[in-house]
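Single-letter residue listing:
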Amino acid sequence: MTDPVPQDPPAYETQAVQVGIPRGLGETVGIPVHAAAGFQFETLEQGAEEFQLGQGLSYARIQNPTVRALEERLTALEGGAATVALATGQAATITAIMSVCRAGDHVVASSSLFGGTAGLLNNVLPLMGVTAAVVPNTPDDVRGAMRENTRLVWAEIIGNPAGDVPDLRALADIAHAGGAVLGVDATWAGPGYLCRPLEHGADIVTHSLTKWAGGHGTVMGGSVTVGEGHDLTRNAIYTEGGDQSLLAVRGVNALAWRQRWFGAHQLGMVLSPHSAFLLAQGLETVALRMDRECATALSLAQWLESHPAVGRVSYPGLESSPWHALARTYLPRGQGAVLTFEVPDPARFLARLKVLRIVPNLGDSRTLVVHPWTTTHGRLPEATRRAAGVTPSTIRMSVGLEAPGDLQADLAQALA
């Protein structure tokens, strides 16, 4: 038997436990928590240089060693160039959008969206003079909605909660042809594990780290990761100002710089060092958890699909799913840990559960269910809810680490 050849870069599982931890005498085998508001300079010149370049440490709203170690790990797992970690997934989404948009600009987004993102598009962006077209999750519909002032195409790697899967390469080509960038909320794929959108043409990848990165329902966080291949030469935010434009001054780092400037420096949506510590620990077991959860989710989806008391089941891992082929292309390691199904009486079904818990979260080590029509999507107009795949009968289930037999038995008695 020949010795294995080292991978370059190392495998996901190796990077998840190694990146961000320095080597050397006295160094901790882990990421320490740096509880500090500011960092020292020795001279006036050092302070001036740091505030000009932002490459070291100055003030914890902008940089912190614990948060920086988490960002380094996320960048490696996504195969990106830079990451900014923020307080929540919602903070990451607004940062990603406004890093490439300003008043007068336009966004095209798929209709199968997390309720918070739909709220940003419908309620918050118009206050900033940014308009959005929300369309079905197909390349033709996205292409038809593009305008001259479209700066961003936005999709979710697995639609929430419809379970639809975008054709990332096609959307990237459409966005780039129009001078826009493609942003992907890849939360349901785990940071870089089930899918790396940057490898399929995306320019910006966001995560609610609260979900699978944390993994235990104990911490909130969000992240924005960028690659290196984005083209911003048709975006006035980056080109106005001649020799002093963002592109001229920051070069290939311009997009990453603006995201940190907007989300952390200007709006202060800062991730605490302790939260960064918990999230970095959670990343170390993403691969183990998601393998187990995806396998359980598929088995439960197959069982529910055959159950006489269950209506439509949406899970891209099912062969009956219209998104199955795209899921196999973009999510070869597993098609996610979330599924939806319809029951005749959601209130009765939820009240009878004994193992599954009714919680509006995802990615927990415990299996969680929720009624999206009245909770996560409850404030959206009815047409928007239905476009996202939500009906009054829909139950969303995020599969955890319990024994599959216990989960199936609990579902069975609640459906009886």
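Values in this document were obtained by computation on a predicted structure and should not be read as measured data.

1. As for the overall build of the protein chain
Phase 1 of the analysis: Along its length, the protein chain carries 16 helices and 12 strands.
Phase 2 of the analysis: For the protein chain, the C-alpha radius of gyration of 22 Å lies close to 22 Å, the compact-globule estimate for 416 residues.
Phase 3 of the analysis: For the protein chain, the spread of C-alpha atoms along the principal axes amounts to about 75 × 55 × 45 Å.
Phase 4 of the analysis: A sequence separation of at least 24 residues applies to 72% of the contacts in the protein chain between residues at least 6 apart.
Phase 5 of the analysis: For the protein chain, the exposed area adds up to about 17800 Å²; of that, 54% sits on carbon and sulfur atoms.

2. A closer look at unusual backbone geometry
Phase 1 of the analysis: At the junction of Asn 160 and Pro 161, the peptide bond is cis and its omega measures out at 0° in the coordinates.
Phase 2 of the analysis: With respect to the helices, strands and loops of the structure, Pro 161 is situated in the loop between strand S4 (150-156) and helix H7 (168-177).

3. A look at the sheet that holds strand S10 (residues 357-358)
Phase 1 of the analysis: Across the sheet, five strands lie side by side as S8-S9-S12-S11-S10; this open sheet has mixed pairing. Where the open sheet ends on each side, the last strands, each with one partner, are strand S8 (313-314) and S10.
Phase 2 of the analysis: Where strand S9 (residues 338-342) and strand S12 (residues 394-398) come together, five bridges link them in antiparallel fashion. By the bridge assignment for S12, Phe 341 is matched with Ile 395.
Phase 3 of the analysis: With respect to the sheet, helix H12 (residues 286-305) is in contact with S8, S9 and S12, its orientation differing from that of S9 by roughly 10°.

4. Brief notes about the packing of helix H3 (residues 65-78) against helix H11 (residues 273-283)
Phase 1 of the analysis: Interaxial distance between H3 and H11 falls to 8 Å at its minimum, and their mutual angle equals 30°. As judged from the angle between their axes, H3 and H11 are roughly parallel. Judged by the sense of rotation from one axis to the other, the crossing of H3 with H11 is left-handed. Counting all contacts with H3, which are made through Thr 66, Val 67, Leu 70, Arg 73, Leu 74 and Leu 77, the residues of H11 involved are Pro 273, Ala 276, Phe 277, Leu 279, Ala 280 and Leu 283.

5. Some points on the pattern of salt bridges
Close approach of charged atoms allows side chains of opposite charge to pair.
Phase 1 of the analysis: Summed over all chains, the structure comprises nine salt bridges.
Phase 2 of the analysis: Put simply, Glu 199 and Arg 196 hold a salt bridge, and the shortest N to O gap is 3.2 Å.
Phase 3 of the analysis: Judged by its relative accessible area of 52%, Glu 199 falls in the exposed class.
Phase 4 of the analysis: Between Glu 342 and Arg 312 there is a salt bridge, with its nearest N and O atoms 3.2 Å apart. Taken together, the residues span a long stretch of sequence, with Glu 342 in strand S9 and Arg 312 in the loop between H12 and S8 at a distance of 30 residues.
Phase 5 of the analysis: For Arg 312, a relative accessible area of 46% corresponds to the partly exposed category.

6. With respect to the packing of aromatic side chains
Phase 1 of the analysis: Taken as a whole, this structure holds four aromatic pairs when the rule is applied.
Phase 2 of the analysis: Centre to centre, the rings of Trp 257 and Trp 261 are 5.9 Å apart; their planes meet at 15°, and the pair counts as stacked. One end of the pair is Trp 257 and the other is Trp 261, both in helix H10 (residues 254-266) and four residues apart, which spans about a single turn.
Phase 3 of the analysis: In this arrangement the basic side chain of Arg 385 is found over the ring face of Trp 373, its NZ or CZ atom lying 4.1 Å from the centre.

Calculation notes
- Residues numbered from 1 in each chain as written.
- Predicted model: local features only at pLDDT ≥ 70, side-chain atom pairs only at ≥ 80, totals over all residues.
- Heavy atoms only, no water.
- Helix = DSSP H or I, 4+ residues; strand = E, 2+ residues; numbered from the N terminus.
- Rg over C-alpha atoms; globule rule 2.2 N^0.38 Å.
- Contact = heavy atoms within 4.5 Å.
- Areas by Shrake-Rupley, 256 points an atom, 1.4 Å probe, with all protein chains shown as cover.
- Pairing = 2+ DSSP bridges.
- Axes fitted to C-alpha atoms, helices over the stretch in contact; angles between N-to-C directions.
- Parallel < 35°, antiparallel > 145°, perpendicular 65-115°, else oblique.
- Left-handed = near helix turned anticlockwise from the far one by under 90°.
- Salt bridge = Lys/Arg side-chain N within 4 Å of Asp/Glu carboxyl O.
- Buried < 20%, exposed > 50% of the residue type's maximum accessible area, 1.4 Å probe, protein only.
- Phe/Tyr/Trp six-rings, centres within 6.5 Å; stacked < 30°, edge-to-face > 60°.
- Lys NZ or Arg CZ within 6 Å of the ring centre and 35° of its normal.

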